[in-house]
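One-letter residues, chain by chain:
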Amino acid sequence: MKTLSAESTHRLGESALLTMAFILPLAFYLRTYDSTTLKYAVLQWGSLALLFSWLWQGISRGRFQVAAGSWSVLLPATLYGAWLLIRFATAPYKIAALPDFLTQLTLLAGFLAAFLGFAGARTSSRFAALTVAAAWIVALYGLAQAAGLDPFIWKGAFGAGPIGTRVFSTLGRPSLCAYFFAVAIPMALTLALDPETPKALRWAALGLAPVTVVVAILTGAPTGMAAVGVSCLLYALIVPMALRTRAALTSAALALLLALVAGAAALGMDGRGRESLSYTSQFRKATVAAELRMVAEHPLIGFGPGSFSVHYPRFRAVDIIRLESGHNTMAQYPELPLLGAAVE
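Just so it is clear, the model here is predicted, and its values are computed rather than measured.

Draft legend 1. Region of interest: the pattern of salt bridges. Overall, the coordinates contain three salt bridges when judged by the stated rule. E14 is paired through a salt bridge with R122; the nearest N and O atoms lie 3.0 Å apart. On the criterion of sequence distance, the pair formed by E14 in helix α1 (residues 6-23) and R122 in helix α5 (residues 121-146) is long-range, its members being 108 residues apart. Overall, E14 belongs to the buried group, its relative accessible area being 7%. Between E14 and R126 there is a salt bridge whose closest N-O contact spans 3.9 Å.

Draft legend 2. Quick look at helix α7 (residues 199-218). Between its terminal C-alpha atoms α7 stretches 29 Å, which fits the 28 Å expected from 20 residues at 1.5 Å a residue. Of all the bends in α7, the greatest, near 30°, is centred on A209, and the proline P210 appears no more than four residues after it. Turning to α7, its buried residues are A205, L208, A209, T212, V213, V215, A216 and L218. Residue G220 follows α7 closely and has a positive phi angle near 70°.

Draft legend 3. View of the side chain of T212. Along the chain, T212 falls in helix α7. Judged by relative accessible area, which is 1%, T212 ranks as buried. Excluding residues that lie within four positions of it along the chain, T212 makes contacts with A139, F181 and I185.

Draft legend 4. Representation of the packing of aromatic side chains in the model. Taken as a whole, this structure holds 13 aromatic pairs when the rule is applied. Relative to F152, the ring of F28 has its centre 5.5 Å away and its plane inclined at 70°; by these criteria the two rings are edge-to-face. Of the two residues, F28 sits in the loop between α1 and α2 (36-61) while F152 sits in the loop between α5 and α6 (174-193), which places them 124 residues apart along the sequence. Look at F152 and you get partly exposed, because its relative accessible area is 27%. Each ring, one from W54 and one from F64, has its centre 5.0 Å from the other, and the planes form 50°; the classification is tilted. On the criterion of sequence distance, the pair formed by W54 in helix α2 and F64 in the loop between α2 and α3 (71-90) is long-range, its members being 10 residues apart.

Draft legend 5. α2, seen in detail. Between the first and last C-alpha of α2 there are 38 Å, a value that for 26 residues agrees with the 38 Å anticipated at 1.5 Å per step. Tucked inside the fold, the buried residues of α2 contact α1 and α4 (94-117). Immediately downstream of α2, the backbone of G62 shows phi near 80°, a positive value.

Draft legend 6. Expanded view of the nonpolar core. Counting 39 residues, the largest nonpolar core has V138, F180, F181, I185, V228 and C232 as its most contacted members. Among the elements of the structure, α5, α6, α7, α8 (222-243) and α9 (246-267) are those that each provide at least two residues to this core. The dominant element in this core, judged by the number of residues it contributes, is α6, at 11 residues. Beyond its immediate stretch of four places on either side in the chain, C232 contacts I185, A255, L258 and A259. In terms of nonpolar packing, the next biggest core, distinct from the first, is built from eight residues, L74, A77, L84 and L108 among them.

Draft legend 7. Local environment of the packing of α6 against α8. Relative to each other, α6 and α8 sit at 20°, their axes nearing to 8 Å. In this view, α6 runs roughly parallel relative to α8, as classed from their interaxial angle. Here α6 and α8 pass one another in a crossing that is right-handed. Every residue of α8 that contacts α6 at S175, A178, Y179, F181, A182, I185, P186, L189, T190 and L193 is listed here: T223, G224, M225, A227, V228, S231, C232, Y235, V239 and L243. Considering only residue class, the contact of α6 with α8 consists of 15 nonpolar, five polar and no charged.

What counts as what
- Residues numbered from 1 in each chain as written.
- Predicted model: local features only at pLDDT ≥ 70, side-chain atom pairs only at ≥ 80, totals over all residues.
- Heavy atoms only, no water.
- Salt bridge = Lys/Arg side-chain N within 4 Å of Asp/Glu carboxyl O.
- Helix = DSSP H or I, 4+ residues; strand = E, 2+ residues; numbered from the N terminus.
- Buried < 20%, exposed > 50% of the residue type's maximum accessible area, 1.4 Å probe, protein only.
- Expected span 1.5 Å × (residues − 1).
- Bend = angle between axes of the 7 residues up to and from the residue.
- Contact = heavy atoms within 4.5 Å.
- Phe/Tyr/Trp six-rings, centres within 6.5 Å; stacked < 30°, edge-to-face > 60°.
- Core = buried A, V, L, I, M, F, W, Y, C linked by side-chain atoms within 4.5 Å.
- Axes fitted to C-alpha atoms, helices over the stretch in contact; angles between N-to-C directions.
- Parallel < 35°, antiparallel > 145°, perpendicular 65-115°, else oblique.
- Left-handed = near helix turned anticlockwise from the far one by under 90°.
- Nonpolar A, V, L, I, M, F, W, Y, C, P; charged D, E, K, R; others polar.

By themselves, these observations are geometric and do not establish any function.
Now the structure itself:
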């Protein structure tokens, strides 16, 4: 019986990684705007495929190679994984916490497998190119939403925006759409700087940056605009120092201009934007206060991995229930990931 070769499993893992780069921003349900569950499923299956591919490559070759300079990334990730296992073994309510614990463990394993087995220049370039392609689709669909051309049942779900209806595209919420662009813009600008990138792809990547800033503004999400502005600003500061070329300076200048545009848009919100920001601020203050009470009760070892949704209802304030206005999605996840990690 013929077994899989190391090369075949490497192609499998690389395909999983590249598929996630393209599918994750675009996957959504056609009858609801809440696409988080579907994206989690794609991410979990992709992470498992990466882990299997990396393990099988090492077994087939009879060795697992780790670059000497990679321990600055691997050591904290490995220690965190060990903490997850030990803390889950000693925590109560294991059955209730198991789904979220397995999600955390799977995603951590997928990250380690991707870093160890698929971090080469060729795969990284393809990953960036597919992310740019997905961002173009998200941006174009967002422009269609703003123009009132959304064909789906969720049309206008978030009300009026700066122009037309608020944009959220395939990311489920306006702010999440803008956050995705905050990640995609530096990748696009970096891809455009690579001399080995085909000319057509360089222009597509370069053109994506201003388009996505416009769509981020059309989301009407002040925090999302601020995230885009900060992302562009960091790119403008870091890239010229790292590359020291004329092309890098030009790219940094474009990023700085986009940062100023996004920042000015966030500061110049109209009444609806300020009302949204006020609601978000109230919600986050109430949620973070509840999370801090959880940290205070178990400041050193937390409640256990995956157990946030088990214990959080006991600490949730009445103000949060009022602000949620009937939907309970935020009751299951921490408002700030760092606080969520401290709680667990």
